[in-house]
Amino acid sequence: MKSWPADKVCDDARWGAGNRARILSGPFTGALIYALGCVFGIAALGPAGCGNNSTAQPPDAMMQPDPVGNTPSMPMPYTPSYPPLAPQVLAGSGSILSAPRVVPVFFSGDKFQAQLTAFIQAYVTTSTSWQVLKEYGVNTGTVTPPVVLTQTLAASISDTDVQNFIAARIQDGSLTVDAQTIVTLFYPTTTTITNNGSVSCRDFAGYHGSATLASGGRLAYAVVPRCGLEPVSALTFAVSHELVEAATDPLLSAYNDLNDPYSLWTLNYGGVEIGDMCQNLADPAFSEKNVGVLARVWSNTAAAAFGNPCVPAAPGPSFFSIPVHNQLQVIQLNNKLRNIEQISITAGQTVTLDVRMLSPTKPSPTWSVTPLEVPLPGAGGTGVSALSFAWVEAPGKQTASGQDGVTLHLKITANASGPLGYTSFRLESIGPTTAGGQTETDWVGFVVINK
Ligand SMILES: [Zn+2]
């Protein structure tokens, strides 16, 4: 059976995510936050965190002999249902925080302390945006007064240092925590945080994790580096992402997995916690009146109805462009056998993929769809771009368009001289909102390139 070293995937997923980031318009125009990529809240905190987290193990290279001599399972012919199964973030076996208690922690002289505290207060206690978390069992939260610390911080600290620091502040009485607490640390620009090979402000703009306390209990915490991010909306966006994920996946064992056949989307998205599912969109943020700018998050309920799954969403139609895979492959993912969809292409060859356009809105809007390759990291993945795309319906163009019920045809060519193995792509659908703007939904496809 195929497997993948979890710690390596953790690093690579983050790096890859950042490397593919797009600079986007919107509330953060010009802000560094998008240059950092979709690394907000990669939950994996080192190999242990990776192993029990959704950070996936992609299929091992099918063409390589299994080190223990097993014959890789053969892909099975597959006809997906239509409408397709809706992607759903799965609960996992771990607990959530039913009434999160956020403890904001600042270091002295933080000019955004008041604004960030006010944002968190409004977000977790009164905002309508937070209410979506009810479907995951998370209710209204509380916020303690900010804790302002005066310790001198090193220029570079590791995640282990962060955890030890939290433990020491609990020990000396600076922090009081309970089982619902999310300790939320805002570090100054002068401190760089490294986490399992990733570096703050280069690879991530925030993460959340779980620390083991002296008592043996576990504590959720979130880290938000400063990165020179201004305006403050870039920081509220980052911290909101971490708070929703810390609440729904505090110990990295709850909402961090997708239902089959979509479990491998985690590598394409840099995680499938409920924030990660929406972070790669052109419109990942929502500005709520009297609250601030926050990260949109995945709603299983909206997704199940084929509504715009990232909420809050701008008003308007929902739409999806769905790649029709023709093989089902068994893989090992976090020590479980999973079924993933794929198409296989012989290196140097071209395959034509059906792309079915689905909108439950009548009359259907017209929307555009653009493929974007997202190579999978590591030994079983190509690691580099290996595909080229062409639309039968839009020769010479990157983007095709249509309406509900249309099947577009996407010609995918695997580089003749490129690496063999797994790669993935997103079909990015962009369509109108009734507010006069545009919104994006994505669907993920997987390709295995063979000899
Ligand atoms: Zn995240």
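Residues numbered from 1 in each chain as written. Predicted model: local features only at pLDDT ≥ 70, side-chain atom pairs only at ≥ 80, totals over all residues.

With respect to the sheet that holds strand β20 (residues 350-358)
Right, so step 1: A sheet is described by the order of its strands in space; here 4 strands give the open sequence β17-β20-β24-β22, paired in antiparallel fashion. Where the open sheet ends on each side, the last strands, each with one partner, are β17 (320-323) and β22 (387-391). In this sheet, neighbouring strand axes are inclined to one another by 30° on average, regardless of whether the strands run parallel or antiparallel.
Right, so step 2: Where β17 meets β20, 4 bridges bridge the pair, whose relative direction is antiparallel. Following the sheet pairing, Ile322 is matched in β20 by Arg356. (Pairing = 2+ DSSP bridges. Helix = DSSP H or I, 4+ residues; strand = E, 2+ residues; numbered from the N terminus. Axes fitted to C-alpha atoms, helices over the stretch in contact; angles between N-to-C directions.)

Focus on the nonpolar core
Across soluble globular proteins, nonpolar side chains show a tendency to be buried alongside one another.
Right, so step 1: With 108 residues, the main nonpolar core has Val183, Leu185 and Tyr221 as its most contacted residues.
Right, so step 2: Per-element tally for this core: the top contributor is helix α6 (residues 232-248), with 9 residues.
Right, so step 3: Leave out the neighbours within four places in its chain, and Leu185 touches Val105, Val162, Tyr221, Ala222, Val223 and Val224. (Core = buried A, V, L, I, M, F, W, Y, C linked by C-beta atoms within 7 Å. Buried ≥ 20, exposed ≤ 12 C-beta atoms within 10 Å, placed from the backbone. Contact = placed C-beta atoms within 7 Å.)

Notes on the sheet that holds strand β1 (residues 76-77)
Right, so step 1: Strands sit in the order β1-β18-β19-β26-β25-β21-β23 across an open sheet of 7 strands; the sheet is mixed. Of all strands in the sheet, those bounded by a partner on one side alone are β1 and β23 (400-402).

Quick look at the environment of Glu273
Right, so step 1: Within the secondary structure, Glu273 sits in the loop between α7 (265-269) and β13 (285-288).
Right, so step 2: Since 32 C-beta atoms lie within 10 Å of it, Glu273 is described here as buried.
Right, so step 3: On a C-alpha basis, the gap between Glu273 and Glu242 in space is 10.0 Å, while along the polypeptide they are 31 residues apart.

Points about the confidence of the model for the chain
Right, so step 1: Residues of the chain with pLDDT of at least 70 account for 84%, and the chain-wide mean is 85.
Right, so step 2: Segment residues 1-71 is flagged for pLDDT under 50; beyond a separation of four residues in sequence, or across chains, it makes 195 contacts in the model. (pLDDT = per-residue confidence, 0-100.)

A word on the packing of helix α4 (residues 113-125) against α6
Right, so step 1: α6 packs onto α4 with a crossing angle of 45° between their chain directions and a minimal axis gap of 10 Å. Regarding the angle of α4 to α6, the classification is oblique. Helix-helix and strand crossings are classified by hand; for α4 and α6 the assignment is right-handed. Together, Gln115, Leu116, Phe119, Ile120, Tyr123 and Val124 of α4 and Val232, Leu235, Thr236, Val239, Ser240 and Leu243 of α6 make up the contact between the two elements.
Right, so step 2: For the contact of α4 with α6, a count of residues per class yields 9 nonpolar, 3 polar and no charged. (Parallel < 35°, antiparallel > 145°, perpendicular 65-115°, else oblique. Left-handed = near helix turned anticlockwise from the far one by under 90°. Nonpolar A, V, L, I, M, F, W, Y, C, P; charged D, E, K, R; others polar.)

A few points about α4
Right, so step 1: Between its terminal C-alpha atoms α4 stretches 18 Å, which fits the 18 Å expected from 13 residues at 1.5 Å a residue.
Right, so step 2: Among the residues making up α4, those that are buried are Leu116, Thr117, Phe119, Ile120, Gln121, Ala122, Tyr123 and Val124.
Right, so step 3: The elements touched by buried residues of α4 are β3 (101-107), β4 (142-143), β7 (181-186), α6 and β14 (292-295). (Expected span 1.5 Å × (residues − 1).)

Regarding helix α5 (residues 159-171)
Right, so step 1: Helix length check: α5 (13 residues) gives 18 Å between terminal C-alpha atoms against 18 Å at 1.5 Å per residue, within 8%.
Right, so step 2: Residues of α5 that are buried include every one of Asp159, Val162, Phe165, Ile166 and Arg169, and no others. Around the axis of α5, the buried residues are gathered within 115° of arc, so they sit on the same side. Among the exposed residues of α5, those pointing more than 90 degrees away from its buried face are Ala168 and Gln171.
Right, so step 3: At the exit of α5 stands Gly173, carrying a positive phi of roughly 85°. (Arc of directions from axis to C-beta.)

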